Amino acid sequence: NPPVPCYVHRGPAGGFKGSLATEVSVHVPSDRDLRRLIDKMAEYVAREGPEFERAILDRERDNPAFDFLWEPESREGVYYKWRVYAFCQSDSAVEWRRSPFKMFIGGVTWLPPVDEPEADRPTRDG
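Each residue is numbered by its place in its chain's sequence as written, counting from 1. The model is predicted, so local features are restricted to residues of pLDDT at least 70 and side-chain atom pairs to those at 80 or more, both for listing and for counting; the totals for chains, interfaces and linings are taken over all residues. To obtain the side-chain values, all non-hydrogen atoms of the structure were included, while hydrogens and water were left out.

Draft legend 1. The arrangement of the sheet that holds strand β3 (residues 109-111) in detail. Judged by pairing direction, the sheet is mixed, and its 3 strands sit side by side in the order β1-β3-β2 without closing on themselves. At either end of the open sheet lies a strand with only one pairing partner, and these are β1 (23-25) and β2 (101-102). Pairing of β2 with β3, which is carried by 2 bridges, proceeds in the antiparallel orientation. Note on β3: the bridge partner recorded for K102 is T109. Pairing between strands is defined by DSSP: at least two bridges between them are needed. Helix and strand assignments come from DSSP, with helices taken as H or I runs of at least 4 residues and strands as E runs of at least 2, each series counted from the N terminus.

This is the structure we're talking about:
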């Protein structure tokens, strides 16, 4: 099985600056198709568990559309990790908690997307 990527965020904006960040800002991907893919993947992982994620990691290893799985520090990788967590907390694709939170005790504070343009919101049908 391929290793599951590590989620350690460094530097003030998620970049590698040598010191651990205290906050992770989550931004909605600008590419609508990629956002739909990430949302669906996160929804399935939240429902089916890490075995499903490992299967996709193995199957889609060479598929650039799934780079967010291998680049957890990227904007899309951060969005994906937050989406999995949010779905596990019973948030939906159109409604989620907007207040800062910590995924792990002693971990970094995550800042979910506060709002997005109406045109970018997914419909309840996806």
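This is not the end of the story, as more comes after the structure.
Draft legend 2. View of helix α1 (residues 32-48). An ideal rise of 1.5 Å per residue puts 24 Å on 17 residues; α1 measures up with 24 Å between its terminal C-alpha atoms. By definition, residues are in contact when any of their heavy atoms lie within 4.5 Å. Next to the buried residues of α1 lie α2 (50-59), α3 (67-70) and α4 (75-88). Pairs of N or O atoms within 3.5 Å make up the polar contacts considered here, provided that, within protein, one atom can donate a hydrogen while the other can accept it, and that residues adjacent in sequence are counted only when both atoms are side-chain atoms. Its side-chain oxygen 2.9 Å from the backbone nitrogen of D33, D31 forms the N-cap of α1. G49 occupies a position one or two residues after α1 and carries a positive phi of about 95°. A helix is expected to reach a length of 1.5 Å times the quantity of its residues less one.

Draft legend 3. Region of the structure containing the pattern of salt bridges. By salt bridge we mean one thing: a side-chain nitrogen of Lys or Arg within 4 Å of a carboxyl oxygen of Asp or Glu. Tallied over the entire structure, the rule returns 8 salt bridges. The closest approach of N and O atoms between D33 and R36, which form a salt bridge, is 2.9 Å. Here D33 and its partner R36 are both found in helix α1, 3 residues apart, which amounts to about one turn of the helix. Under the scheme applied here, a residue whose accessible area is under 20% of the maximum for its type counts as buried, over 50% as exposed, and between as partly exposed, the area being computed with a 1.4 Å probe on protein chains only. When its relative accessible area of 57% is taken as the criterion, D33 is described as exposed.

Draft legend 4. Geometry of the nonpolar core. Counting 24 residues, the largest nonpolar core has M41, F68, L69, Y80, W82 and W110 as its most contacted members. Listing elements by their share of this core, those giving two or more residues are α1, α2, α3 and α4. Examining the composition of this core, we find that 7 residues originate from one element, α4, more than from any other. Ignoring anything within four residues of it in the chain, the contact list for M41 reads F52, E53, I56, F66, F68, L69 and Y80. Remark: nonpolar core denotes a set of buried residues (Ala, Val, Leu, Ile, Met, Phe, Trp, Tyr, Cys) joined through side-chain atoms within 4.5 Å.

Draft legend 5. Main features of the side chain of T109. Within the element layout of this structure, T109 appears in strand β3. Since its relative accessible area comes to 19%, T109 is described here as buried. The residues touching T109, leaving out its near neighbours within four places in the chain, are T22, E23, V24, P100, F101 and K102.

Draft legend 6. The environment of L57, seen in detail. Tracing the backbone through its elements, the reader meets L57 in helix α2. Separated by 12 residues in the primary sequence, L57 and L69 have C-alpha atoms spaced 7.1 Å apart.

Draft legend 7. Representation of unusual backbone geometry in the model. Backbone geometry places S90, a non-glycine residue, at a positive phi of 75°. Here S90 is to be found in the loop between α4 and β2.

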